[in-house]
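What the coordinates show
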Amino acid sequence: MSQLDYYRTQYEYEIFCNHKMLAMLESVPDDRRTESRFQQAVSIADHLAACREKWLDYMIGNGSSEIPWRDEQANLLELRPRFAALESCWTDYLARLEPGQLSQDFEFTESDGEVYRLPIEVQIVQLIGHASYHRGQVALLVNHLGGEIIDTDYADWWWTAQKVKN
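Summary of the structure given here. Quick caveat: nothing in here was measured; it's all calculated off a predicted structure.

Cut-offs applied
- Residues numbered from 1 in each chain as written.
- Predicted model: local features only at pLDDT ≥ 70, side-chain atom pairs only at ≥ 80, totals over all residues.
- Heavy atoms only, no water.
- Salt bridge = Lys/Arg side-chain N within 4 Å of Asp/Glu carboxyl O.
- Helix = DSSP H or I, 4+ residues; strand = E, 2+ residues; numbered from the N terminus.
- Buried < 20%, exposed > 50% of the residue type's maximum accessible area, 1.4 Å probe, protein only.
- Pairing = 2+ DSSP bridges.
- Axes fitted to C-alpha atoms, helices over the stretch in contact; angles between N-to-C directions.
- Parallel < 35°, antiparallel > 145°, perpendicular 65-115°, else oblique.
- Nonpolar A, V, L, I, M, F, W, Y, C, P; charged D, E, K, R; others polar.
- Core = buried A, V, L, I, M, F, W, Y, C linked by side-chain atoms within 4.5 Å.
- Contact = heavy atoms within 4.5 Å.
- Expected span 1.5 Å × (residues − 1).
- Arc of directions from axis to C-beta.

Enumeration according to the criterion identifies ten salt bridges in this entry. Residues Arg33 and Asp30 are paired through a salt bridge, measuring 3.7 Å at the closest nitrogen-oxygen approach. Taking the shortest distance from any N to any O, the salt bridge between Arg82 and Asp46 comes out at 2.3 Å. On the criterion of sequence distance, the pair formed by Arg82 in helix H3 (residues 79-96) and Asp46 in helix H2 (residues 36-60) is long-range, its members being 36 residues apart. The exposure class of Asp46 is buried, given its relative accessible area of 6%. In the salt-bridge network here, residues are joined through shared partners; they are Arg32, Glu35 and Arg37.

Structure follows, in structure tokens:
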């Protein structure tokens with residue numbers, strides 16, 4: 001498997017995990033959704049969406065996205081369509097990405113006005129770890145709120161994906 005194919009596979013797994021994370025959030029009982037921990041969990045999930053949207057804009061666009069990194073008032077009902085749209089964009093981007101582009105730098109300007117440069121591959125790897133980290137936070141919060149924790153283990157996802165291919 002090429003390095004690029006590996007990243008594509010990792011993103012397929014991330015999509016699976018995103019759907020499970022959203023299902024976990026939706027499993028929180030209605031009477032617990034007014035608690036600050038629920039809003040915190042929704043805001044973390046929203047942050048994952050914002051990161052994927054903003055970094056793709058930095059990498060292929062002009063970095064003009066006005067999406068905030070964090071929205072403390074994020075709405076659960078807006079997350080499924082938002083994730084569906086960004087997952088489609090990322091899947092298309094990764095499908096078009098050529099192996100030689102992984103080492104290419106892209107520039108972006110942060111709120112401090114500083115211009116930064118990163119190779120595309122570095123950002124792809126960072127996003128994979130970043131998503132896992134925050135999904136773990138969401139799972140812990142959902143557990144404390146009485147929602148259902150759903151397994152997102154890679155080996156289980158891989159095994160199921162293999163069955164579908166065969």
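From this point, things continue past the structure.
Only one face of strand S1 (residues 105-109) is buried: it carries Phe106 and Phe108, and the other face, with Asp105, Glu107 and Thr109, is open. As judged from the five bridges shared by S1 and strand S2 (residues 115-119), these two strands associate in the antiparallel manner. Note that in S2 the partner of Glu107 across the bridge is Arg117. Counting the residues that bridge the hairpin from S1 to S2 gives five residues, and of these Gly113 lies at a positive phi of roughly 85°.

Packing of H2 against helix H4 (residues 120-144) leaves a shortest axis separation of 9 Å and a crossing angle of 170°. By the criterion of interaxial angle, the relationship of H2 to H4 is roughly antiparallel. The class makeup of the residues in the contact of H2 with H4 is 14 nonpolar, seven polar and three charged.

Turning next to the nonpolar core. Residues Leu25, Trp90 and Ile124 are the most contacted members of the largest nonpolar core, which totals 42 residues. Counting only elements with at least two residues in this core, the list comes to helix H1 (3-26), H2, H3, S1 and H4. The element that contributes the greatest number of residues to this core is H2, accounting for twelve residues. Those residues in contact with Leu25 that sit more than four places away from it in its chain are Arg33, Phe38, Ala41, Val42, Ala45, Leu76, Leu79, Val138 and Val142.

With that settled, consider H4. Its 25 residues give H4 an end-to-end C-alpha distance of 37 Å, which sits within 8% of 36 Å, the value for a rise of 1.5 Å per residue. Among the residues making up H4, those that are buried are Ile120, Gln123, Ile124, Leu127, His130, Ala131, His134, Arg135, Val138, Ala139, Leu141 and Val142. The inward-facing, buried residues of H4 contact H1, H2, H3, S1 and S2. A positive backbone phi angle near 85° is found at Gly146, which sits one or two residues after H4.

Within the secondary structure layout, Tyr93 lies in helix H3. A relative accessible area of 5% places Tyr93 in the buried class. Considered as a pair, Tyr93 and His130 are 37 residues apart in the sequence and their alpha carbons are 19 Å apart. If we ignore the near neighbours within four places in the chain, the residues touching Tyr93 are Leu56, Met59, Ile60 and Ile120.

Further remarks concern the environment of Ala23. On the secondary structure map, Ala23 appears in helix H1. The class of Ala23 is partly exposed, set by a relative accessible area of 24%. Note: C-alpha distance between Ala23 and Leu145 (122 residues apart in sequence) is 14 Å.

What follows deals with H3. Here H3 spans 26 Å end to end across 18 residues, near enough to the 26 Å set by a 1.5 Å rise per residue. Residues Leu79, Arg82, Phe83, Leu86, Glu87, Trp90, Tyr93 and Leu94 constitute the buried set of H3. Buried residues of H3, viewed axially, fall in a sector of 130°; they line one side. Residues Pro81, Ala95 and Arg96 are exposed on H3 and point more than 90 degrees away from its buried face. For H3, the secondary structure elements touched by its buried residues are H1, H2 and H4.

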